[in-house]
Amino acid sequence: MKLDVRCKFFLLILISIVAFSAKDIIYGSIVFIVVCSISFLLGQRRKIIKFTAAYVLLLSFIVFSKYVPEALNSMILMVVLCIRMCMPIMLYGQTFLKTTSVSEMVTGLYAMKIPRAFIITFAVAMRFFPTAKEEISHVRDAMSLRGIGLSLRNLRLRPIIVFEGFITPLLVRASTIAEELSAASITRGLDNPAPRTSFIKLNITFRDTLLTLIFTVALISVLLLRTTVGRVMT
């Protein structure tokens, strides 16, 4: 199923707000279930399984945290709680990136009247990260051929050489990639002040509106329920 990119942006903002507001395990889990439902409708079933397994492990650690030594309990538990709160955002973020092309995102941002400077920066950044990921893979392969691959043994025996062999070529390639992407953006006319045209035609259908409304009501209900119960308890 496809969902209009503007609805996706709206849900991303709403999920980010609600996920950090619903700090309790119960309400946080409800938010996670709602996000799983959105990802399921968008066809990301494998991601749901992976994130659900990770979420269950985090909940298990929280439940059995009382058996952890007290010196480590507070520090580790704080990290686990932060990760648990971010899980719905990470799941929806990956679903968003997997089901939406960069061109569609840019078109949606233009349709929402977002400032052009932000859109250009966003477009360059979104095209930079996949290229940077590929370059990191090439650097790691080159390091392995030279016998300084990223392994525990090399990090223990030759940490400076490994660090230099990884960071130096990566920084050089990153600067080159940034210049190439900037030149490509200018060539494609992203900085042209004239109204922009696009091959992608956005259209919010009744189904998009209905689904967005349903998930919005569900997320806001969780937030209101948590606030109401918290006031009653106090």
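A quick note: this is a predicted structure, and the numbers were derived from the prediction, not measured.

Parameters and conventions
Residues numbered from 1 in each chain as written. Predicted model: local features only at pLDDT ≥ 70, side-chain atom pairs only at ≥ 80, totals over all residues. Heavy atoms only, no water. Phe/Tyr/Trp six-rings, centres within 6.5 Å; stacked < 30°, edge-to-face > 60°. Helix = DSSP H or I, 4+ residues; strand = E, 2+ residues; numbered from the N terminus. Buried < 20%, exposed > 50% of the residue type's maximum accessible area, 1.4 Å probe, protein only. Lys NZ or Arg CZ within 6 Å of the ring centre and 35° of its normal. Domains from an automatic or database assignment. Salt bridge = Lys/Arg side-chain N within 4 Å of Asp/Glu carboxyl O. 1 Å grid on protein atoms, 1.4 Å probe; cavity = no way out; pocket = protein on both sides within 12 Å on 5 of 7 lines; lining within 4 Å. Points joined across faces, edges and corners; volume = space filled by probe spheres on them. Nonpolar A, V, L, I, M, F, W, Y, C, P; charged D, E, K, R; others polar. Axes fitted to C-alpha atoms, helices over the stretch in contact; angles between N-to-C directions. Parallel < 35°, antiparallel > 145°, perpendicular 65-115°, else oblique. Contact = heavy atoms within 4.5 Å. UniProt positions renumbered as here; feature names shortened; annotations may be inferred.

### Observations regarding the packing of aromatic side chains
Alright, step 1. For the coordinates displayed, the defined rule picks out four aromatic pairs.
Alright, step 2. Ring geometry for Phe32 and Tyr55: centres 4.2 Å apart, planes at 5°, overall stacked. Remark: Tyr55 occurs in helix H3 (residues 45-63) and Phe32 occurs in helix H2 (residues 25-41); sequence separation between them is 23 residues. Note on accessibility: Phe32 and Tyr55 belong to one class, buried.
Alright, step 3. Through a chain of ring-to-ring contacts, three or more aromatic side chains come together here, namely Phe9, Tyr92 and Phe96.
Alright, step 4. The ring of Phe40 has Arg45 sitting right over it, with the charged end atom 4.6 Å from the ring centre.

### Some thoughts on the domain arrangement of the chain
Alright, step 1. Each assigned domain of the chain is listed with its residue range as follows: domain 1 (5-100 + 203-232) and domain 2 (114-188).
Alright, step 2. If you average the C-alpha positions of domain 1 and of domain 2, the two centres end up 31 Å apart.

### A word on the pattern of salt bridges
Alright, step 1. On inspection of all chains with the given rule, the structure shows two salt bridges.
Alright, step 2. The salt bridge involving Asp4 is made with Arg6; its shortest N-O contact spans 3.0 Å.
Alright, step 3. Among the residues examined, Arg6 registers a relative accessible area of 22% and is labelled partly exposed.
Alright, step 4. Glu135 serves as the salt-bridge partner of Arg173, at 3.2 Å between the closest nitrogen and oxygen.

### Quick word on the layout of surface pockets
Alright, step 1. Counted as a void, the second largest pocket has a volume near 160 Å³.
Alright, step 2. Lining the second largest pocket, in full, are Lys2, Leu3, Asp4, Val5, Glu104, Ile200, Lys201, Leu202, Asn203, Thr205, Arg207 and Asp208.
Alright, step 3. In terms of residue class, the lining of the second largest pocket is made up of four nonpolar, two polar and six charged.

### Here's the deal with the packing of helix H5 (residues 102-111) against helix H6 (residues 116-145)
Alright, step 1. Taken N-terminus to C-terminus, the directions of H5 and H6 make an angle of 170°; their axes are 10 Å apart at the nearest point. Between H5 and H6, the angle falls in the class roughly antiparallel. Contacts between H5 and H6 involve Val102, Ser103, Met105, Val106, Leu109 and Tyr110 from the former and Arg116, Phe118, Ile119, Phe122, Ala123, Met126 and Arg127 from the latter.
Alright, step 2. Residue classes in the contact of H5 with H6 are distributed as 10 nonpolar, one polar and two charged.

### Here's the deal with the UniProt feature "transmembrane region" (unreviewed entry) in the chain
Alright, step 1. With numbering matched to this structure, UniProt assigns "transmembrane region" (unreviewed entry) to residues 9-42, 48-68, 75-94 and 210-229.
Alright, step 2. A distance of 14 Å separates the end C-alpha atoms of residues 9-42, which is 88% helix and 0% strand.
Alright, step 3. With 100% helix and 0% strand, residues 75-94 has its two end C-alpha atoms placed 28 Å apart.

### Quick look at the side chain of Thr212
Alright, step 1. Examined against the element boundaries, Thr212 turns out to sit in helix H9 (residues 206-233).
Alright, step 2. According to the relative accessible area criterion, Thr212 is buried, its value standing at 10%.
Alright, step 3. Contacts of Thr212, omitting those with residues within four sequence positions, involve Leu3, Cys7, Phe10 and Leu11.

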